[in-house]
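Inside the fold
Spelled out from the first residue to the last, the chains are:
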Amino acid sequence: MARVAVLQIPGVNCEYETARAIASVGLEARIVRWNEPASVLSEFDAYVLPGGFAFQDRIRAGAVAAKLPAVERIAAEAERGKPVLGICNGAQVLVESGLVPGIHPGRVEIALAPNHAPRREGYLCRWVWVRAEEGPGRATFASGAAKGEVIPLPIAHGEGRFQTADPEVHARIESAGLALFRYVSPDGAPAGRYPFDPNGAMLHAAGITNLRGNVLAFMPHPERAAWLRMVPIDLPGTWGERRRAAVGRFDALEGPGPGRLIFESLARKLESASVEGARG
Amino acid sequence: MSAVLMVRLKITDLTAWTALEAGRKLLPPGHTLERVLREQVILFEPEPGTGADAFEAPLADAVKHSNFFVNPNKESYRFLNAAERGEIWTPPQGAWGILARAREDTRDEGLRQRLLREHPLQGLRAIRRAKVWWLWTRGPDGGPAVESCARALGILEGRRQGLLVNPHFEAALVLDGPMPWSRVESFLIQPAPAYRAAA
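What you are looking at is a predicted structure, and each value in this text was computed from that prediction instead of being measured.

Criteria and thresholds
- Residues numbered from 1 in each chain as written.
- Chains lettered and ligands numbered in written order.
- Predicted model: local features only at pLDDT ≥ 70, side-chain atom pairs only at ≥ 80, totals over all residues.
- Helix = DSSP H or I, 4+ residues; strand = E, 2+ residues; numbered from the N terminus.
- Rg over C-alpha atoms; globule rule 2.2 N^0.38 Å.
- Contact = placed C-beta atoms within 7 Å.
- Nonpolar A, V, L, I, M, F, W, Y, C, P; charged D, E, K, R; others polar.
- Core = buried A, V, L, I, M, F, W, Y, C linked by C-beta atoms within 7 Å.
- Buried ≥ 20, exposed ≤ 12 C-beta atoms within 10 Å, placed from the backbone.
- Pairing = 2+ DSSP bridges.
- Axes fitted to C-alpha atoms, helices over the stretch in contact; angles between N-to-C directions.
- pLDDT = per-residue confidence, 0-100.

Further remarks concern the overall build of chain A. Looking only at helices and strands, chain A features 8 helices and 11 strands. Its C-alpha atoms give chain A a radius of gyration of 17 Å, within 12% of the compact-globule value 19 Å for 280 residues. Overall size of chain A, expressed as C-alpha extent along the three principal axes, is 45 × 45 × 35 Å. In chain A, the proportion of contacts linking residues at least 24 apart, taken out of those at least 6 apart, comes to 79%.

Tallying the contact residues gives 20 residues for chain B and 22 residues for chain A. Residues belonging to the side of chain B that touches chain A are distributed by class as follows: 11 nonpolar, 5 polar and 4 charged.

So, on to the nonpolar core. Counting 138 residues, the largest nonpolar core has Val4(A), Ile22(A), Tyr47(A), Leu94(A) and Leu99(B) as the members making the most contacts within it. Residues contacting Leu99(B), with those up to four places away along its chain left out, are Val41(B), Ala130(B), Val132(B), Ala172(B), Leu173(B), Leu175(B), Val184(B) and Phe187(B).

All names here are of chain A. Taken together, the 9 strands give an open sheet; going across it, the order is E2-E1-E3-E4-E11-E10-E9-E6-E7, and neighbouring strands pair in mixed fashion. Two strands close off the open sheet at either side, each with one partner strand: strand E2 (28-33) and strand E7 (150-157). Neighbouring strand axes in the sheet, compared pairwise and without regard to direction, differ in orientation by 25° on average. Judged from the 6 bridges that link them, strand E1 (residues 3-8) and E2 form a sheet pairing that is parallel.

This part is about the sheet that holds strand E7 (residues 170-175) of chain B. All names here are of chain B. What the 6 strands build is an open sheet, ordered E3-E1-E2-E6-E5-E7; its pairing is antiparallel. The open sheet terminates on both sides in strands that have one partner only, identified here as strand E3 (75-80) and E7. On average, each strand axis in the sheet is inclined to that of its neighbour by 25°, with strand direction left out of account. The pairing of strand E2 (residues 32-46) with strand E6 (residues 124-138) spans 14 bridges and is classified as antiparallel. Opposite Gln40, over in E6, you have Lys131 as the bridge partner. Helix H1 (residues 14-24) contacts E2 and E6 of the sheet and is inclined by roughly 130° relative to E2.

A separate point is the confidence of the model for chain B. Here chain B averages 94 in pLDDT, while 98% of its residues score no lower than 70. At the level of chain-chain contacts, confidence expressed as ipTM amounts to 0.94, with global pTM at 0.96.

Residue and element names in this part refer to chain A. Within the fold, Arg3 resides in strand E1. Considered as a pair, Arg3 and Ala267 are 264 residues apart in the sequence and their alpha carbons are 9.9 Å apart. Discounting residues that sit within four places of it in the chain, Arg3 has contacts with Glu28, Arg30, Glu43, Phe44 and Asp45.

As a further point, take the pairing of strand E9 (residues 181-184) of chain A. Each regular strand displays side chains that alternate between the two surfaces of the sheet. All names here are of chain A. The side-chain alternation of E9 yields two buried faces, one formed by Phe181 and Tyr183 and the other by Arg182 and Val184. Pairing of E9 with strand E10 (residues 205-209) involves 2 bridges; the strand directions are antiparallel. Paired with Arg182 across the strands is Ala205, a residue of E10.

Before going further, it helps to examine unusual backbone geometry. Excluding glycine, a negative phi dihedral is what most residues carry, and trans is how most peptide bonds are arranged. All names here are of chain A. Of note, the amide linkage connecting Val100 to Pro101 takes the cis form, showing an omega dihedral of 0°. Within the fold, Pro101 resides in the loop between helix H3 (89-96) and strand E5 (111-113). Between Tyr194 and Pro195 the backbone carries a cis peptide bond, its omega angle lying at 10°. Its place among the elements puts Pro195 in the loop between E9 and E10. Unusually for a residue other than glycine, Ile59 sits at a positive phi of about 70°. Following the sequence through the fold, Ile59 ends up in the loop between strand E3 (46-49) and helix H2 (69-79). Overall, the presence of 23 C-beta atoms within 10 Å leaves Ile59 in the buried class. One non-glycine residue, Leu203, lies in positive phi territory at about 60°. Within the element layout of this structure, Leu203 appears in the loop between E9 and E10. Classification of Leu203 by C-beta neighbours within 10 Å gives partly exposed; the count is 16.

Quick look at the structure:
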């Protein structure tokens, strides 16, 4: 069974539900504290940086955690091809550490800037819709999504706007398909502005990968949508219909929710890597 | 000339303390970081062709008696009118600074409107926000080693370089000595300088 480390940094608050979502797809999840010897991390096959407020978001969200020896070790393992998923605050850590998009290795090339939307600012907590595009990260993080599938997921962030001041980086993210997940409307049309694009991100990006496709900085919270019971009963679209149809049917409510496919995709990738490793 | 309000925490600033702890680990050998102080900079920009003297007195009163800008339970402030401010901004004794602003418009129009609703002021064009980090550093030669410390602690370039400013949504001005306020005003009012990738 593939093993996934969930990195617990002071201030994160989603590590337990993230570990449960990982376990739900047949992977072994272990919460690893930030101050355990970094060498422990090398024993794992993949890494998830969960959401929360690492170091209370002091200085800037993700800025302090990005300097941890544990993150340094995860960066080294990512260079060897191991998958790394950063969810919300975990995404901010990956961006601040330069792991995403990694066009020029070791360089910080983007930011997760404060949300930008007409007549509202600050923290935003709501459900959004995203779609997986074609790109190098699809095989690792979105193989479970059908082409064009619209996935509803919750967001909860104040600094979720992918942004770069470097036009070359912007062009490369677009041309190389690194904006793996983009915000869309519930019917799959381009998000346009708020509310379907909740924060004004470049390319309407909800998740950006590195060039190799094994590291994803993802702002929505798939672990908060990993079971059908977590879907709001009034959510538009097919997932809302499934949720309404499951009222009173506890077995159905315990079935997978839309966020599960991120973890299923990761599990499939790790399984295929294991098979290839066994063959090799 | 604009009027300026500087606001800082008078309780322990845990963000500055964290910057001190994190920053020390980024410095090159032989360098030390002794203290970090963080202040909000709020610039009151007058209408073109006028000065802040038209609204300085009632603004000083508004700052003192309203809670728009300062929470007196935890913050202290200095309101600098044109006369007090002078032409030059001098860093605190022994310190140098990094002034950081958003790459986007620095105006806080919501704050201006709230202020004007309760304190009608004539000639206030905009309220602009930024923050300044004051740093007390020392290099191997005993001097402040501003250049090497600014490279280590200032603009974020990579995992091991830079901390306080992410250049993809912020711009920074290093205050390595007395700085003309006109240059500071220009930095806060004009569009942010273009990003230059590290070599």
